[in-house]
Amino acid sequence: MAAGIKDMQHMNIAEVVQMMSETVLKTMPNHYYKIAWKNFLQYMFESNTTITHRKLVELEKKGKVQGIITTNIDCMHTLAGSRAVAEIQGSFGVNQCVRCGKSYNNVQIWNKGKLPRCGDCGGAISAFPVHHHVGLYQDDVIRARLMISKAELVIIIGAQGCYGNVYYNYISQYAKIVQVNPKPTQFDKVSILNIHQEADEVFESIS
Ligand SMILES: [Zn+2]
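Now for a look at the structure at hand.

Analysis parameters
Throughout, residues of each chain are indexed from 1 in the direction in which the sequence is written. Local features in this predicted model are restricted to residues whose pLDDT is 70 or higher, and side-chain atom pairs enter the listing and the counts only when it is 80 or higher, whereas totals over whole chains, interfaces and linings include all residues. Labels follow the DSSP assignment, with helices taken as runs of H or I lasting at least four residues and strands as runs of E lasting at least two, numbered in each case from the N terminus. To sort residues by burial, count the other C-beta atoms lying within 10 Å of each one's C-beta; a count of 20 or more means buried, 12 or fewer means exposed, and anything in between means partly exposed. C-beta atoms are built from the backbone. Any two strands between which DSSP finds at least two bridges are classified as paired. Only the stretch in contact is used when fitting a helix axis, every axis being a line fitted to C-alpha atoms; angles between N-to-C directions are given from 0 to 180 degrees. As used throughout, a nonpolar core is a set of buried Ala, Val, Leu, Ile, Met, Phe, Trp, Tyr and Cys residues joined through C-beta atoms within 7 Å of each other. Contact between two residues is assigned when their C-beta atoms, built from the backbone, lie within 7 Å.

## Description of the overall build of the protein
The helix and strand tally for the protein stands at eight helices and seven strands. Of all 207 residues assigned to the protein, the portion counted as buried reaches 32%.

See the structure below:
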């Protein structure tokens, strides 16, 4: 999805590489937090959510959206107010102490002006995508499979990759697939409806 956070032009690539390094996090915690804040965290906490994010929250409250599956690590759906969100690559809302392994599943620990520390042992806390080198977060992969296997309607918004065995192959044969994407993708041929427009234009018109 096209939220401000994904706008790579704000990012210094060399610093983003360091932000994804647990070695940097452990050996230079202050430096780590500074670059993570500058390149990523400040956009996560200070960007406005998009029309699409907010509309998905409304639709969930009305019982029309049962779940959201995302590969984004920026927690924007959760920060917008969506509840049933499966972050299959984890996010900065899925964290653990690098020393004792205790879990801290709350994105707000990153919004306190310094690197979060474990309440038990004082160790540095690392976000899932950093700790696991952008691996799959199995808890949410399982939730994603459950969500998508029950769905009558699957709306694919702005996605390029298929993630076949991860969740896509779990779509029921009876489900209808609708795609919202300005560009053609591999999903064009499986969708009963392709809306080749930006997600915000489409969701703005839904009441
Ligand atoms: Zn600890």
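From this point, the discussion proceeds with the structure in view.
## Quick word on the sheet that holds strand E7 (residues 193–195)
Pairing within the open sheet is parallel, and its three strands lie in the order E5-E6-E7. In the strand order of this sheet, the two ends are held by strand E5 (153–157) and E7, each with one partner. Going from strand to strand, the sheet's axes swing by 15 degrees on average, the running direction of each strand aside. Taken together, the five bridges between E5 and strand E6 (residues 176–180) define a ladder with parallel strand orientation. Bridge assignment links Ile-155 to a residue of E6, and that residue is Val-178.

## Things to note about the pairing of E6
Here is the key point about a regular strand: its side chains alternate between the two faces of the sheet. The pairing of E6 with E7 spans three bridges and is parallel. In the strand pairing of E7, Val-178 is matched with Leu-193.

## Thoughts on the nonpolar core
With 40 residues, the main nonpolar core has Ala-36, Ile-69, Phe-92, Ala-144 and Ile-148 as its most contacted residues. Looking at this core, the elements that each hand over two or more residues are helix H3 (29–46), strand E1 (68–70), strand E2 (85–87), helix H6 (128–131), helix H7 (138–150), E5 and helix H8 (199–204). It is H3 that contributes the most residues to this core, seven residues altogether. Setting aside residues up to four positions removed in sequence, Phe-92 forms contacts with Met-44, Ile-73, Cys-75, Val-107, Trp-110 and Ala-127.

## Focus: unusual backbone geometry
Within the chain, Cys-75 stands out as a residue other than glycine whose phi angle is a positive 60 degrees. Tracing the chain through its elements places Cys-75 in the loop between E1 and helix H5 (76–80). Residue Cys-75 is classed as buried on the basis of its 23 C-beta neighbours within 10 Å. One non-glycine residue, His-133, lies in the positive phi region at around 50 degrees. Topologically, His-133 is positioned in the loop between H6 and H7. Residue class for His-133 comes out exposed when judged on the 9 C-beta atoms lying within 10 Å of it.

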